[in-house]
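Reading the structure
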Amino acid sequence: MSHLELKNVSKSFGPVGVLHHVDIEVKDREFVVFVGPSGCGKSTLLRIIAGLEKATSGDVVLDGEVVNHLAAADRGLAMVFQSYALYPHMSVRQNLSFGLENTKTPRDKIEARVTEIARMLRIEELLERKPRQLSGGQRQRVAIGRAMVRRPGVFLLDEPLSNLDAELRVTMRAELAALHKRLDATMIYVTHDQTEAMTLADRIVVLRDGRVEQIGTPLELYNRPANRFVAGFIGAPHMNFLEGRFAGGEAGAARIELDGGHMLSLHIPARPKGEPITIGVRPHHIETQGGQARIPATVTLVEALGPETIIHAEAEGQPRIVAALAGQRGITSGDTVSLALDERFLHAFDADGRRVAEGEVAEEM
Amino acid sequence: MYANSSRYVGLLFMTPALLFVAVFVLYPLGQLVYTSTTDASLLGGGEFVGLENYAKAFSDKGFWRSLWFTVSYTLYITPVLMGLGFLAALLTTENTRLKQFTRGAIFLPVVIGLATSSFIWLWLFDQQVGLFNRLLVDIGILDKPLVWFRKAELGQLAVIISVTWKIVGFGMILMVAGIQSIGDDLIEAAMIDGASYWQRVRRIILPLAARSILLATLISAIGSMLAFDQFYIMTGGAPRGQTFTSVYWIYQNSFVYFKLGYGSALSLILMVIIMAGAAVQIALTSRKGSS
Ligand SMILES: Nc1ncnc2c1ncn2[C@@H]1O[C@H](COP(=O)(O)OP(=O)(O)OP(=O)(O)O)[C@@H](O)[C@H]1O
Ligand SMILES: [Mg+2]
């Protein structure tokens, strides 16, 4: 059982507020990812959970017990640092056994445990090496191994993959997911990479400026972002935001006129004519073929990726629209295309960036 | 071509430093070597006598006794200085205001002249007006004030106490630098790994600060082997020349007995002994460090 709750946690460094009234519940064996832009307080939050930092107010509750005053060593958590923080003067074996030696575990038990973990992480041949003799990916494995050694109930990982190259990152991501299944442990994972968040998380916590913007499963956040920030953060390429205003319509079917003059109808309550609104549309929900073409636009950039083609285009009143088109298209920069927005998947945000409640935006199947 | 010319440019840049070393180190050293082979006296003269001075040194009981006294002084004071220095460094490593102030206070005596501090302590140890004696009596360690400089051991202890006060901040500063260069994340990783404070000190901080500790030890030990002022002022070699250090003995021969040639030879012997000791220490510790 490893159930973790953060209750109304705030943190300031001197006069600077870094976290504001954070409430998060992490269930046993859940893989929760904290995601957000740089400086939003992800690491600080993780360090408060770990006991390396004290919250200014609020409670950290571990398995029903308030642990605010427990030292890091006594919380029984494990942490993987972004820098790995391997002990440079110790061999890999010593790095792994250090945590067990501190608790006076018998020598043979330590040996057995280290061997088991080394086998699981495929670092057996590295056991006698020093950290400086390892590659980035190998260090990463050792750091994870060191966290596993004491069989913690909760793993805290602070951007563990950010020092690896792109390819290795994808491999390690898959390994981490597999490891989570095998270890049956609760994992809290910090990243600013939304792809990592989407692929690894059972639930994602989106943070901005020390506040929780939204908590939900990856698809909940993707399908129903609570606000413009989450909408823009989750999903790649980023969602397009088109500015416009209400232009009549009846209850449940508002007419909206985008800047530049194009009309859309949306299943949201109509508001007074002229009130501004932002329409969000994901690049994958824009087409240039078939359908009713709506927005004439000039292509400014084409990224032919193979299985899909990303185009950047400019339309009147809308400076930049990105569309992700399936397959390979004979489009080149300078072409004029007609962009058709899939009206089933449009998102609407009011002037404060909040999602305009509708309930009618479809889920992607 | 290019490599050659740049080598000359490099030499050019080094010239001032080389000149400095030549004028202030190599030339005097050469003079010393030369003088050591003469029977020069402080009053002048100096016939070439070959290795006679060195031969004499080997049968000079006073010299060997002073050398042994210096070695014992070094063996006593170095662990004290390093131990207390390391403790002080541990306790004041973080850069909070209070700790920075404490560090400053401990370091302050380092910048006082050794002669000055020796005089201060000479008074503090005085059996009639000495505040240190008074303190020891007041807190009940002594029944009555001690006459510190009547016995060689007590005199040595008094010097060790005063020099520790004066110099402990030096080792502390070197070790603070060493400890601060250890990444916070390592210490935090050890905390998460369940290490207690002393486990962290023993298994993380000590080994990772080993280089600065070694450096501090080396500098401190060499300094102690060259001790002079503190004994000259506080014990004056008393009682019966038992607290002569090597340098003091060299001073006695060169400037009190006027035997400059002989003093030079003793200086060179001491230099070789210290260099050998330092080499052994470095060899021992660097082998341990690399294994
Ligand atoms: N010890 C500290 N003293 C003062 N301010 C701090 C301290 N630690 C963090 N901060 C501030 O708190 C804010 C949040 O920092 P934090 O490291 O939690 O961000 P982060 O979300 O992990 O960012 P990144 O993705 O860049 O790692 C930042 O503005 C940072 O400057
Ligand atoms: Mg961070």
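Within any chain, residue numbers begin from 1 and follow the written order of that chain's sequence. Chain letters start at A and ligand numbers start at 1, both assigned in the order the entries are written. Per-residue local features of the predicted model are confined to residues with pLDDT of at least 70, and side-chain atom pairs are confined, for both listing and counting, to 80 or more; whole-chain, interface and lining totals are unaffected and use all residues. Side-chain metrics rest on all non-hydrogen atoms present in the structure, leaving aside hydrogens and water.

Observations concerning empty space enclosed by the protein
Buriedness for pockets is judged along seven lines, at least five of which must meet protein on both sides within 12 Å for an open set on the 1 Å grid over protein atoms alone, while cavities are sets there where a 1.4 Å probe fits but cannot get out, and lining residues have an atom within 4 Å of a point. Grid points are joined across faces, edges and corners, and a volume is the space filled by probe spheres set on the points. Scanning the entire structure with this criterion turns up two cavities of 30 Å³ or more. Within this model, the largest cavity holds a volume of roughly 90 Å³. Lining the largest cavity we find A:Leu77, A:Ala78, A:Met79, A:Phe81, A:Arg146, A:Ala147, A:Arg150, A:Pro152, B:Ala189, B:Ile192 and B:Asp193. Residue assignment for the lining of the largest cavity shows that the elements contributing at least two residues are strand E6 (77–80) and helix H4 (136–148) of chain A together with helix H8 (184–192) of chain B. Broken down by element, the lining of the largest cavity gets its largest block of residues, three residues, from E6(A). Any residue that is not Ala, Val, Leu, Ile, Met, Phe, Trp, Tyr, Cys, Pro, Asp, Glu, Lys or Arg is counted as polar, Gly included; the first ten are nonpolar and the last four charged. The residue inventory of the lining of the largest cavity, partitioned by class, reads eight nonpolar, no polar and three charged. In DSSP terms, a helix is any run of H or I states spanning at least four residues, a strand is any run of E spanning at least two, and both are numbered starting from the N terminus.

Quick look at the sheet that holds strand E3 (residues 31–35) of chain A
All names here are of chain A. Overall, mixed pairing links the six strands, which are arranged E6-E7-E8-E3-E9-E10 in an open sheet. In the strand order of this sheet, the two ends are held by E6 and strand E10 (211–216), each with one partner. On average, adjacent strands in this sheet sit at an angle of 15° to one another, irrespective of strand direction. Relative to strand E8 (residues 186–191), strand E7 (residues 154–158) runs parallel, the two sharing five bridges. By definition, two strands form a pair when at least two bridges between them are found by DSSP. Orientation is described by axes fitted as lines to C-alpha atoms, over the contacting stretch for helices, and by angles from 0 to 180 degrees between their N-to-C directions.

Focus: the layout of surface pockets
Residues and elements named next belong to chain B. By volume, the second largest pocket amounts to about 610 Å³. In terms of lining, the second largest pocket is formed by 18 residues, of which the most central are Thr93, Glu94, Ile179, Asp184 and Ile187. Sorting the residues of the lining of the second largest pocket by element identifies helix H3 (61–91), helix H7 (152–180), H8 and helix H9 (197–208) as the ones contributing at least two each. Here the element with the most residues in the lining of the second largest pocket is H8; it accounts for four residues. For the lining of the second largest pocket, the class distribution of residues is nine nonpolar, four polar and five charged.

Overview of the site of ligand 1
Residue and element names in this part refer to chain A. Here a residue is considered near a molecule or strand provided that any single heavy atom belonging to it is located within 4 Å of it. By nearness alone, every residue bordering ligand 1 is listed as Phe13, Val18, Ser38, Gly39, Cys40, Gly41, Lys42, Ser43, Thr44, Glu159 and His192. Within the complex, the protein chains bury 57% of what would otherwise be the 630 Å² of accessible surface of ligand 1. At three residues, the largest contribution of residues to the shell around ligand 1 is made by helix H1 (residues 42–50). For the shell around ligand 1, the residue count by class is three nonpolar, six polar and two charged. Here the open area of atoms and residues is found with the Shrake-Rupley method and a 1.4 Å probe, where only the protein chains shown may cover a residue.

Digging into the domain arrangement of chain A
Residue and element names in this part refer to chain A. Parsing chain A into structural domains produces domain 1 (4–232) and domain 2 (237–349). If you look at the interface, domain 1 gives eight residues, while domain 2 gives eight residues. Summed over both sides, the interface of domain 1 with domain 2 buries roughly 750 Å², with 55% coming from carbon and sulfur. Broken down residue by residue, the surface that domain 1 buries against domain 2 is led by Tyr222, Arg228 and Ala231, which jointly contribute 67%. Each reported salt bridge corresponds to a side-chain nitrogen of Lys or Arg within 4 Å of a carboxyl oxygen of Asp or Glu. Applying the counting criterion to the domain 1 and domain 2 interface returns one salt bridge. The definition of a polar contact used here is a pair of N or O atoms within 3.5 Å, where within protein one atom must be able to donate a hydrogen and the other to accept one, and adjacent residues in sequence count solely through side-chain atom pairs. Inspection of the region where domain 1 meets domain 2 yields three residue pairs in polar contact (both at pLDDT 80 or more). Elements with a minimum of two residues in the side of domain 1 that touches domain 2: helix H7 (218–223) and helix H8 (228–233). Boundaries between domains were set according to an automatic or database domain assignment. Note on contacts: a residue pair is in contact if any heavy atoms of the two residues lie within 4.5 Å. Defined here as a combined quantity, buried area equals the accessible surface (1.4 Å probe) lost by two parts on assembly, summed across both.

Let's talk about the nonpolar core
Throughout this description, the term nonpolar core refers to a set of buried Ala, Val, Leu, Ile, Met, Phe, Trp, Tyr and Cys residues connected via side-chain atoms within 4.5 Å. When accessible area is computed with a 1.4 Å probe and restricted to protein chains, residues below 20% of their type maximum are described as buried, those above 50% as exposed, and intermediate ones as partly exposed. Ranked by internal contacts, the top residues of the largest apolar core, which has 92 residues, are A:Phe34, A:Leu156 and A:Ile188. A total of eleven residues in this core trace back to one element, the largest contributor, which is H3(B). Once residues within four sequence positions are removed from consideration, A:Leu156 is found in contact with A:Leu46, A:Ile49, A:Ala50, A:Leu77, A:Ala78, A:Met79, A:Val80 and A:Ile188. One finds A:Val92, A:Val114, A:Leu157 and A:Phe229 within the second-largest nonpolar core, a separate group that totals 46 residues.

Quick notes on a nonpolar patch on the surface
On the surface, a cluster of nonpolar side chains totalling about 580 Å² of accessible area is made up of B:Phe20, B:Val21, B:Val23, B:Phe24, B:Val25 and B:Leu26. As for its position among the elements, B:Val23 is in helix H1 (residues 2–36). Grouping into patches uses exposed residues only, defined as over 30% relative accessible area, and leaves out salt-bridged ones; the cut-off is 9 Å for like charges and 5 Å for nonpolar side chains (Val, Leu, Ile, Met, Phe, Trp, Tyr).

Digging into the environment of A:Glu53
Positionally, A:Glu53 belongs in the loop between H1 and strand E4 (57–62). At 3.0 Å, the side chain of A:Glu53 forms a polar contact with the side chain of A:Arg47.

Points about the side chain of B:Thr164
By the secondary structure assignment, B:Thr164 is in helix H7. By relative accessible area, which is 10% here, B:Thr164 ends up buried.

As for the packing of H4(A) against helix H5 (residues 166–183) of chain A
Residue and element names in this part refer to chain A. Two numbers describe how H4 lies on H5: the axes approach to 12 Å, and their chain directions differ by 15°. In terms of orientation, H4 and H5 fall into the roughly parallel class. For the crossing formed where H4 meets H5, the hand is right-handed. Together, Gly137, Gln140, Arg141, Ile144 and Met148 of H4 and Leu168, Met172, Glu175, Leu176, Leu179 and Leu183 of H5 make up the contact between the two elements. Partitioned by chemical class, the residues of the contact of H4 with H5 number seven nonpolar, two polar and two charged. Any angle between 65 and 115 degrees counts as roughly perpendicular, while under 35 counts as roughly parallel, over 145 as roughly antiparallel, and the rest as oblique. Definitions for this section: a left-handed crossing has its near helix turned counterclockwise from the far helix by less than a right angle. A right-handed crossing has that turn clockwise.

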